[in-house]
Amino acid sequence: MRSSSRVALVGTVLASVLCLVHGNTLGGSEDGVKYDFPNDFMFGVSTAAFQIEGGWNADGKGESMWDTYLHEHPEYTPDHANGDVAADSYHKYKEDIEMIKELNVKYYRFSLSWPRILPYGTDNYINKPGATYYRKLIEELRMANITPVVTLFHWDLPTPLMDLGGWSNRKMVDYFVDYARVAFDLYGDVVKIWTTINEPHQHCYNGYGSDYFVPAIVSNGVGEYLCAHYILLAHAEAYRLYEREYKPHQHGRVGITLDAFWGEPRNSSNANDIEAAERYNQFHLGLYAHPIYSKKGDYPDIVRMRIDSISAYQNFTRSRLPSFTEDEIHKLKGSSDFFGLNHYTTFLMSSSLMEDAWRVPSMDHDTGVKLEQNSYWPKPGAEWFTVYPPGFRKLFNWIKNEYGNDIPIIVTENGMCDFGGRKDYDRVQYYNQYLHQMWLAINKDKCNIEGYFAWTLMDDFEWKDGYTVKFGLYEVDFDSPERTRRKKLSAINYSNIAKTKQIDFNFIKPHLLKYNMNAIF
Ligand code: NOJ
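First things first, this report covers the structure right here in the doc. Throughout, a residue's number is its position along its own chain's written sequence, starting from 1. Note on the predicted model: pLDDT of at least 70 is required for a residue's local features to be given, and 80 or more for side-chain atom pairs to be given and counted; whole-chain, interface and lining totals, by contrast, use all residues. Hydrogens and water molecules were not included; the side-chain quantities draw on all heavy atoms of the structure.

### Things to note about the site of the ligand
Contacts to the ligand come from 14 residues, most closely from Gln51, His154, Asn198, Glu413 and Glu462. Any N or O atom pair separated by 3.5 Å or less is treated as a polar contact, with the protein-specific requirement of one donor-capable and one acceptor-capable atom, and with residues adjacent in sequence counted only for side-chain atom pairs. Taking tyrosine 344, its side chain carries an N or O atom lying 3.5 Å from a nitrogen atom of the ligand. When the free accessible area of the ligand is taken as 290 Å², the share hidden by the protein chains comes to 100%. The nonpolar class holds Ala, Val, Leu, Ile, Met, Phe, Trp, Tyr, Cys and Pro. Asp, Glu, Lys and Arg form the charged class, and all remaining residues, Gly among them, are polar. The class makeup of the residues in the shell around the ligand is seven nonpolar, four polar and three charged. One heavy atom within 4 Å of a molecule or strand is enough for the residue carrying it to be called near that molecule or strand. Accessibility throughout is a Shrake-Rupley quantity obtained with a 1.4 Å probe, and a residue counts as covered only by protein chains that appear here.

### Some thoughts on the pairing of strand E12 (residues 449-455)
Regular strands place side chains that alternate from one sheet face to the opposite one. The classification of residues rests on relative accessible area computed with a 1.4 Å probe and restricted to protein chains. Under 20% of the type maximum is buried, over 50% is exposed, and intermediate values are partly exposed. Helix numbering and strand numbering both begin at the N terminus, where a helix is a DSSP run of H or I of at least 4 residues and a strand a DSSP run of E of at least 2. Of all seven residues that make up E12, six are buried, and the element is covered over most of its length. Any two strands with at least two DSSP-identified bridges between them are counted as paired. The pairing of strand E2 (residues 42-46) with E12 spans five bridges and is parallel. Looking at E12, one finds that glycine 44 is bridged to phenylalanine 453. Bridge count for strand E11 (residues 409-413) against E12 is three bridges, and the pairing is parallel. The partner of isoleucine 410 across the bridge, within E12, is glycine 451. Handedness rule for crossovers: strands pointing away from the viewer, path from the first strand over the helix to the second running clockwise, crossover right-handed. Following the backbone out of E11, through helix H16 (residues 425-443) and into the adjacent parallel E12, one traces a crossover that is right-handed.

### Considering the state of the cysteines
In this description, a disulfide is simply a cysteine sulfur pair whose atoms lie within 2.5 Å. The tally for this structure, following the rule as stated, stands at one disulfide. For cysteine 204, the disulfide goes to cysteine 227, at an S-S distance of 2.0 Å. Looking along the S-S bond of the cysteine 204-cysteine 227 disulfide, the torsion reads about -65°, which is the left-handed sense. Here cysteine 227 lies in helix H10 (residues 223-250) and cysteine 204 lies in helix H9 (residues 200-207), a separation of 23 residues in the sequence. The exposure class assigned to cysteine 204 is buried, which follows from its relative accessible area of 1%. For cysteine 227, a relative accessible area of 0% translates into the label buried.

What follows is the structure, encoded as structure tokens:
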């Protein structure tokens, strides 16, 4: 994942004093407050099919575009990785469930591999063993008293559909709805929480606007908006299908998972930077959230206006951002029973007309915002990732201010990457700090947050970074054929939190922590 290929590193002093964390930030509850969550708060853990399952051609599974691309382009990741075996969850799902039980969480979010169920992408042929795999997984989860939360599409599009242009082809809306129907038919009796599509922004921006993610279609400024547009329509149609034909008897909920970095003004007293940060938030999150969650519907005005006028200036006959019909606006509005939110990191934002690495046309150029990292913020793993817990709270508040507080937010992913090791003090601290910010958002700001899913259960295939960075609560030994799993310190901490519904800042002693957050904020 990345925000922009032009992330510059700055050591701005200004940024180090950007924001103070309320309450206790490091450890020890010196302030005497109990940081606890309601008894029915959903604590869970998330994974995605391509990142953990392996079994890439097992039992009649078709190829996903990630299989195909990685086989043809081993140089895509630094470690020449692919998802052929990954963490081998296709064979080891029972062990996974033991780990989930150990974590004391009551919810498990995983995704279905579309080509495992429909090898050709289309619903004319269902691969029985593939369908049975998820049935068994779900049954085992239920026996363990763990509620499945199922994502329909976490980026592994069947290759035959990619060959037709993937999400740049409007026909994908029909194919997605057909697939959703198959999934609702197969599992809707026992799956009551669905998310349609995972992180459309990352998928479209990085996969259709550049070659950072597969399918690596470098159609900057055009493809990324086609992808966004058709994904939104596909989501709405799948939601309406469920609402019409399944909800009356299956009684489940359907939502979408959107991702958002927090856009922090580079200088919080500079009006241009404040405006740039807002613009970024609208392009990155609002483009997807506004059509679904706002009262008005459709794309945010600022996004519509900028892309329309820049397209005209660039001599395009029509805007590069497609338009919705009235009927489509209506279908999209309110098409989600919850706000699935993935959040990891924050960037500093300032206004810019052009940066060296921007292509023209492109979403970067349309947005006109330069992203930088604050070099004072810890950077424990991947290039794009710095730790700034207050961004989480600010993001919740931004969502509440934009779309109101009626629709509950479920944090479908949040977690930290590093380069490995089971004594992962930094990850313990990351979870404590980010959960603390979420606690503040719930208790001080009255944000409507219903659940939290840690990313991720175990080390896995991390897209562009292959297996070189780690997000897991459990370590996976990718050199052993058994893909041996071992618990990390952060798993014990998270398991205590899920059990007690309370953050324990004393879980590790402050002197063991590498980053002193109090000094940083
Ligand atoms: C969000 C994506 O949904 C997930 O697949 C990815 O591994 C994490 N971000 C971390 O980059």
